[in-house]
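Descriptive structure summary
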Amino acid sequence: MNRIFSGIQPTGHLHLGNYLGAIRNWVKLQEEFECLFCVVDMHAITVWQEPAELVTNTRRIAAAMIAAGIDPERNVVFHQSGVPGHAQLAWIFNCVARLGWLNRMTQFKEKAGKNRENASVGLYAYPNLMAADILLYKATHVPVGEDQKQHLELARDIAQKFNNDYGVHCFPIVEPLIFGPATRVMSLRDGKAKMSKSDPSDYSRINLTDDAEAIRLKIRKARTDPEPLPEAPDGLEARPEAANLIGIYAALADITVEDVCARFAGQPFSRFKDELAQVAVATLAPMTAEMRRLEADPAHIDAILNRGAERAATLAEPVLREVHQIVGFLPPQ
Ligand code: TYM
């Protein structure tokens, strides 16, 4: 049986990269698979979060998922802290994962920066909690953007080591699902940097809360090179900003990068940017409006997340019981 799990952190601004690299793919996958989609608030606090902002952002992410088309009835949509099993399994994985594995994690190095001594232990052990998120439900497939690939490799290593150490076939070896033309959306200011929630420049990203005017302005100001659009994608590797905007158009219009090049071949970027802004506004504006409508009723969002957490806990319960028995924890009476 295939089961999908994916998560998103309630930190900073939800942006076009999160939408195109992850949420939009989730909407497609819900047609075929049993899916759990989680707002990972426990991951968020690995770096400091203002408590009032964290709770607002948790609701905002849930609103964004639902506004994007994720059905909270058909899927399990919940907040991580609502299911204690995540922390319980993460502890066991802290004892399975090796220091050497975590030392190789590039995202820790990036996030901790130079002052590593001052990073939280949680930030270091972050990938173990992520493995626990997935394996607590024995999920088989994990749809993410490209930046999560290394973390998923670690989840596979943890599953394998647990199974080997205890001589069991308990956990599946998860498969990452990284697909679509926008698996790595780049900053609008720098084609070599990932579009990110934490970039200090708001012009680097399109937020899902931006209005039409802001979207148009940011696309107009996006960095490009002086060349027109090419006839075909060959050679775009050397033009990261151009490649990024073309990829974003392809993803938004749901066509291939080849089709975008064929359609706009030889046109200047100024004209292409107008078209890109139009398709971005057409896709995002209804979603933003729906997000706002949902956010106006926080009690309704809380009810959805809490109900989701109850359903998730029911799925987690037998897995946790099995793991406790395998590890040798005293059985409950
Ligand atoms: P997070 O919150 O950083 O991002 C959520 C999802 O958005 C994708 N993404 C992008 N895709 C394309 N281009 C970008 N510029 C871009 N930026 C972000 C991410 O790849 C991700 O799919 N560790 C995870 C959250 C997590 C998780 C999990 C994911 C916790 N537990 C279990 C999967 C399974 C994270 O920080 O995602």
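The shown structure was predicted, so the numbers you read here are calculated from the model rather than taken from an experiment. (Residues numbered from 1 in each chain as written. Predicted model: local features only at pLDDT ≥ 70, side-chain atom pairs only at ≥ 80, totals over all residues. Heavy atoms only, no water.)

Examining unusual backbone geometry
At Lys138, a position not held by glycine, the phi torsion is positive, near 50°. Relative to the helices and strands, Lys138 resides in the loop between helix H7 (121–135) and strand S4 (141–143). A positive phi angle is found at Asp254, which is not glycine, with a value near 60°. With respect to the helices and strands, Asp254 occurs in the loop between helix H10 (240–253) and helix H11 (257–264). (Helix = DSSP H or I, 4+ residues; strand = E, 2+ residues; numbered from the N terminus.)

Remarks on the nonpolar core
Considering soluble globular proteins, one finds that nonpolar side chains tend to be buried as a cluster. Membership of the largest hydrophobic core comes to 62 residues, with the highest contact counts inside it found for Leu16, Tyr19, Leu20, Met65, Phe272 and Leu276. It is helix H12 (residues 269–295) that provides the largest number of residues to this core, a total of eleven residues. Lining this core are residues from two domains, each supplying at least three of them: domain 1 (3–183 + 297–327) and domain 2 (210–293). Once residues within four sequence positions are removed from consideration, Leu276 is found in contact with Ile219, Leu245, Ile248, Tyr249 and Leu252. (Core = buried A, V, L, I, M, F, W, Y, C linked by side-chain atoms within 4.5 Å. Buried < 20%, exposed > 50% of the residue type's maximum accessible area, 1.4 Å probe, protein only. Domains from an automatic or database assignment. Contact = heavy atoms within 4.5 Å.)

Describing the UniProt feature "binding site: L-tryptophan" (unreviewed entry) in the chain
This chain's UniProt record puts "binding site: L-tryptophan" (unreviewed entry) on Asp133. The residue Asp133 is located in helix H7 in this model. Owing to a relative accessible area of 2%, Asp133 belongs among the buried residues under this scheme. Leave out the neighbours within four places in its chain, and Asp133 touches Phe5, Val40, His43, Gln80 and His86. Looking at Asp133, its side chain comes within polar contact range of the side chain of Gln80, at 2.9 Å. (UniProt positions renumbered as here; feature names shortened; annotations may be inferred. Polar contact = N/O pair within 3.5 Å; in protein donor to acceptor, adjacent residues only side chain to side chain.)

Details of the pattern of salt bridges
As enumerated under the stated definition, the model contains 19 salt bridges in all. Among the ionic pairs, Lys194 bridges to Asp147, the shortest N-O distance being 2.9 Å. Of this pair, Lys194 sits in the loop between strand S5 (175–177) and helix H9 (212–221) while Asp147 sits in the loop between S4 and helix H8 (149–166), placing them 47 residues apart in sequence. For Glu213, the salt bridge identified is with Arg216, shortest N-O distance 3.3 Å. A residue pair is termed a helical-turn pair when its members lie 3 or 4 positions apart in one helix, as Glu213 and Arg216 do in helix H9 at three residues. Given the relative accessible area of 35%, Arg216 is considered partly exposed. Among the charged side chains, a network of salt bridges with common partners joins Asp202, Arg205, Asp210 and Lys218. (Salt bridge = Lys/Arg side-chain N within 4 Å of Asp/Glu carboxyl O.)

Focus on the domain arrangement of the chain
Domains assigned within the chain are domain 1 (3–183 + 297–327) and domain 2 (210–293). One C-alpha centre belongs to domain 1, the other to domain 2; they are set 30 Å apart. The partner domain 2 presents 14 residues to the 13 residues of domain 1 that form the contact. Interface of domain 1 and domain 2: buried area, both sides summed, is about 1,000 Å²; carbon and sulfur atoms make up 76% of it. For domain 1, the biggest contributors to the area lost against domain 2 are Leu16, Ala67 and Pro181; these three give 42% of the whole. The interface formed by domain 1 and domain 2 contains one salt bridge. Across the salt bridge formed by Asp254 and Lys28, the nearest N and O atoms sit 3.8 Å from each other. At the junction of domain 1 and domain 2, the tally comes to one residue pair in polar contact (both at pLDDT 80 or more). Breaking the side of domain 1 that touches domain 2 down by element, the ones donating at least two residues are helix H1 (16–29) and helix H3 (51–68). For the side of domain 1 that touches domain 2, a count of residues per class yields nine nonpolar, no polar and four charged. (Buried area = accessible area lost by both parts, 1.4 Å probe. Nonpolar A, V, L, I, M, F, W, Y, C, P; charged D, E, K, R; others polar.)

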